[in-house]
Number of protein chains: 2
Amino acid sequence: MTAKSIRARVRDELTSEIKAIARRQLATEGANLSLRAVARELGMVSSAVYRYFPSRDDLLTALIIDCYDELGAAAETAESAVDRADLLGRWLAAGHGIRDWALANPAEYALIYGSPVPGYQAPRTTIGPAARTTDLILTLLADGVAAGTVAVPAAGTDPPLSPLLAAELDRIAALACPTVPRELLSRGTTAWIQLFGVVTFELFGRFQNMIEEGRRDFFDRQLRVMAAYVGLR
Amino acid sequence: MTAKSIRARVRDELTSEIKAIARRQLATEGANLSLRAVARELGMVSSAVYRYFPSRDDLLTALIIDCYDELGAAAETAESAVDRADLLGRWLAAGHGIRDWALANPAEYALIYGSPVPGYQAPRTTIGPAARTTDLILTLLADGVAAGTVAVPAAGTDPPLSPLLAAELDRIAALACPTVPRELLSRGTTAWIQLFGVVTFELFGRFQNMIEEGRRDFFDRQLRVMAAYVGLR
DNA sequence: CACTGTCAAGAGCAGTGCTCTCGTTTTGTT
DNA sequence: AACAAAACGAGAGCACTGCTCTTGACAGTG
């Protein structure tokens, strides 16, 4: 009833300040950021930070959730600016939104899409925010199916689906996008992997001495290749 | 002239033993392996290890080179077992060779294809071993061009190449695979990214709760989708 | 007022990468 | 064979890390 106590307010403020400083250090130190360094920059003693995050992993988890949410939001706002009927435009906007965020926050992208930390197991609370980008793409497909602006591939065009794989695709479709036919979901998954594959390659330095100036062009073209494969129009 | 001195033999032996122990610890500790722990397991004192590797980063570099070489060798031996004229078979063999090695050595794969370590800059000595897998694919394409068993895509089929991107592709082709036309190289690059994109997604846990049992089937199918796109036959 | 829970601070533990020194052993050269 | 140079393992030490525990001060509630 009563407004938040002073304590609670200060606590929330300090919590987000800790996360902000940690985010800044993430850029220079990578995943092995130092809780003590964060505390030092805050003018606190390291043990005090443990009042707010019970362990370094919990701080990392909080950062991961924030990053997933930021990336998801970036993709969504970019995509939402495009006419709903323009599937290709929405796909391009979402893709570039993801890439732009990743380029602006490379350490954060590495945190969520990079190598898993050996001892670290991502808690369940991360899967929701993590699903935002994939949900965006699935919604795109579902909208295309509803509007008839996406080509459902004829059977036999793609390599055959093993029964095992078909069952798994059906299971995914059933609980995420029931209107999307199996073959289309399969193609969408390919495009989804390609999207993040290109971004990951670019950020992790696999394009060095290969594609230098034309990276944005290259990414854009990959998006269009995949859009054509999926049948967006 | 003279045989290696005892010192040199012992040194070589210890050097590879250090690397072997480090490799084993890599599996459990990930990229932040401890030089002291390696020394401890060796029954040496930490400062003694510095006689063999001037820093922890140098140890990591040595491991990275070894891993690139192992991965390259695994892909090459898998691919070399297939009839030279069977381009699709060679592509599938190389792809599965890469994935099999990655599944057998996940920490090592993360080391070379995962998030870049913030302070670490890969020295030039790594680019040779790193190029083995891509060379394999480029040779595949060149062989296909020579034998006429790969379809060179007609102009206008794919989204247009920007002049910038076309120039970079030409530069790559000129010094790596002069006989491969630009459009084919472009498609090959797409396939190359998809290959490693799928492996990376699988190893970094992006398929959890999505594709579980059918991962090998899924990978195989992605390889075939890409083979069809590239025009291998 | 007193009580309860929260907080920052400090000391301390075990671990890390790395440097320097010290005595010993091996090597290559007179 | 003798000797200087190089290489080597061990140890101490520095500054750093994540984390725990204790202590004393403060705020919120009855």
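Please read all numbers here as calculations on a predicted model, not as lab measurements.

Rules of the game
Residues numbered from 1 in each chain as written. Chains lettered and ligands numbered in written order. Predicted model: local features only at pLDDT ≥ 70, side-chain atom pairs only at ≥ 80, totals over all residues. Heavy atoms only, no water. Contact = heavy atoms within 4.5 Å. Buried area = accessible area lost by both parts, 1.4 Å probe. Salt bridge = Lys/Arg side-chain N within 4 Å of Asp/Glu carboxyl O. Polar contact = N/O pair within 3.5 Å; in protein donor to acceptor, adjacent residues only side chain to side chain. Helix = DSSP H or I, 4+ residues; strand = E, 2+ residues; numbered from the N terminus. Nonpolar A, V, L, I, M, F, W, Y, C, P; charged D, E, K, R; others polar. Near = heavy atom within 4 Å. 1 Å grid on protein atoms, 1.4 Å probe; cavity = no way out; pocket = protein on both sides within 12 Å on 5 of 7 lines; lining within 4 Å. Points joined across faces, edges and corners; volume = space filled by probe spheres on them. Phe/Tyr/Trp six-rings, centres within 6.5 Å; stacked < 30°, edge-to-face > 60°. UniProt positions renumbered as here; feature names shortened; annotations may be inferred. Least-squares fit on C-alpha atoms with pLDDT ≥ 70 in both. Expected span 1.5 Å × (residues − 1). Buried < 20%, exposed > 50% of the residue type's maximum accessible area, 1.4 Å probe, protein only.

### Concerning the interface of chain A and chain B
So, step 1. With 50 residues of chain A in contact, the opposing surface of chain B contributes 50 residues.
So, step 2. Summed over both sides, the interface between chain A and chain B buries roughly 4,400 Å², with carbon and sulfur atoms accounting for 64% of that surface.
So, step 3. The largest per-residue losses of area from chain A upon contact with chain B belong to I193(A), R206(A) and R221(A), which jointly make up 16% of the total buried on that side.
So, step 4. Taken together, the links from chain A to chain B amount to zero salt bridges.
So, step 5. Run the count over chain A and chain B and you get 21 residue pairs in polar contact (both at pLDDT 80 or more).
So, step 6. Of all the elements in the fold, those that place two or more residues in the side of chain A that touches chain B are α1 (6–29), α6 (106–113), α8 (163–176), α9 (182–203) and α10 (215–230) of chain A.
So, step 7. Per-element accounting of the side of chain A that touches chain B gives the leading share, 11 residues, to α9(A).
So, step 8. In terms of residue class, the side of chain A that touches chain B is made up of 27 nonpolar, 13 polar and 10 charged.

### Structural notes on the protein's contact with DNA strand D
So, step 1. Taken together, 22 residues form the shell around DNA strand D, and within it L35(A), R36(A), R40(A), R11(B) and R51(B) come nearest.
So, step 2. Within 4 Å of the protein, the contacting atoms of DNA strand D are drawn from sugar and phosphate to the extent of 48%.
So, step 3. S47(B) places a polar side-chain atom, nitrogen or oxygen, 2.7 Å from a base oxygen of DNA strand D.
So, step 4. The contact in question runs from a base oxygen of DNA strand D to an N or O atom on the side chain of R51(B), over 2.5 Å.
So, step 5. For the surface near DNA strand D, the secondary structure elements donating two or more residues are α1, α2 (35–42) and α3 (46–49) of chain A together with α1 (6–29) and α3 (46–49) of chain B.
So, step 6. Counted by class, the surface near DNA strand D contains nine nonpolar, five polar and eight charged residues.

### Focus on the protein's contact with DNA strand C
So, step 1. Residues in contact with DNA strand C amount to 24 residues; listed here are only the nearest, R51(A), L35(B), R36(B), R40(B) and R56(B).
So, step 2. Each atom of DNA strand C within 4 Å of the protein was assigned to sugar, phosphate or base; sugar and phosphate come to 48%.
So, step 3. Between DNA strand C and the protein, one listed contact pairs a phosphate oxygen with a backbone N or O atom of V45(A) at 3.1 Å.
So, step 4. For the surface near DNA strand C, the secondary structure elements donating two or more residues are α1 and α3 of chain A together with α1, α2 (35–42) and α3 of chain B.
So, step 5. The dominant element in the surface near DNA strand C, judged by the number of residues it contributes, is α2(B), at four residues.
So, step 6. For the surface near DNA strand C, a count of residues per class yields 10 nonpolar, six polar and eight charged.

### Description of the layout of surface pockets
Residue and element names in this part refer to chain B.
So, step 1. In this structure, the second largest pocket spans a volume of roughly 1,200 Å³.
So, step 2. The set of elements that each furnish at least two residues to the lining of the second largest pocket consists of α4 (56–80), α6 (106–113), α7 (127–147), α8 (163–176) and α9 (182–203).
So, step 3. Ranked by residues supplied to the lining of the second largest pocket, first place goes to α7 with nine residues.
So, step 4. Tallied by class, residues from the lining of the second largest pocket come to 26 nonpolar, 11 polar and four charged.

### Looking at the packing of aromatic side chains
So, step 1. Overall, the coordinates contain 16 aromatic pairs over all chains when judged by the stated rule.
So, step 2. Their ring planes at 75° and their centres at 6.3 Å tell us that Y68(A) and Y113(A) sit as a pair that is edge-to-face. Within this pair, whereas Y68(A) is found in helix α4 (residues 56–80), its partner Y113(A) is found in helix α6, the two being separated by 45 residues in sequence.
So, step 3. Ring centres 4.9 Å apart and planes at 70° place the aromatic pair F201(A) and W192(B) in the edge-to-face group. You can see F201(A) sitting in helix α9 and its partner W192(B) sitting in helix α9, one on each of two chains.

### Some remarks on the UniProt feature "domain: HTH tetR-type" (unreviewed entry) in chain A
So, step 1. Taken from the UniProt record, the annotation "domain: HTH tetR-type" (unreviewed entry) applies to residues 12–71 of chain A.
So, step 2. Between the first and last C-alpha atoms of residues 12–71 of chain A the distance is 23 Å; the span itself is 77% helix and 0% strand.

### Some remarks on the relation of the copies chain A and chain B
Mapping between the two chain copies consists of a rotation about an axis together with a translation along that axis.
So, step 1. Between the two copies, chain A and chain B, the superposition gives an RMSD of 0.1 Å; the rotation angle is 180° and the shift along the axis is 0.0 Å. Classification of the inter-copy transformation places it as that of a two-fold axis. Identified as the residue of chain A closest to the rotation axis by C-alpha distance is G197(A), at 2.3 Å.
So, step 2. Most of the interface of chain A is mirrored in chain B, where 100% of its interface residues again form contacts.

### Observations regarding the UniProt feature "DNA-binding region" (unreviewed entry) in chain A
So, step 1. Under the feature "DNA-binding region" (unreviewed entry), the UniProt entry names residues 34–53 of chain A.
So, step 2. Annotated as 60% helix and 0% strand, the span residues 34–53 of chain A places its first and last C-alpha atoms 13 Å apart.

### Details of α10(A)
So, step 1. If you check α10(A), its first and last C-alpha atoms are 22 Å apart, about what 16 residues at 1.5 Å a residue would give, namely 22 Å.
So, step 2. Counting buried residues in α10(A) gives 12 out of 16 residues, a clear majority hidden from the surface.
So, step 3. Every buried residue of α10(A) is accounted for by R215(A), F218(A), F219(A), D220(A), R221(A), Q222(A), L223(A), V225(A), M226(A), A227(A), Y229(A) and V230(A).
So, step 4. Residues of α10(A) that are buried sit in contact with α5 (87–104), α7 (127–147) and α9 of chain A together with α8, α9 and α10 (215–230) of chain B.
So, step 5. Among the residues trailing α10(A), G231(A) stands out with phi positive, at a value near 95°.

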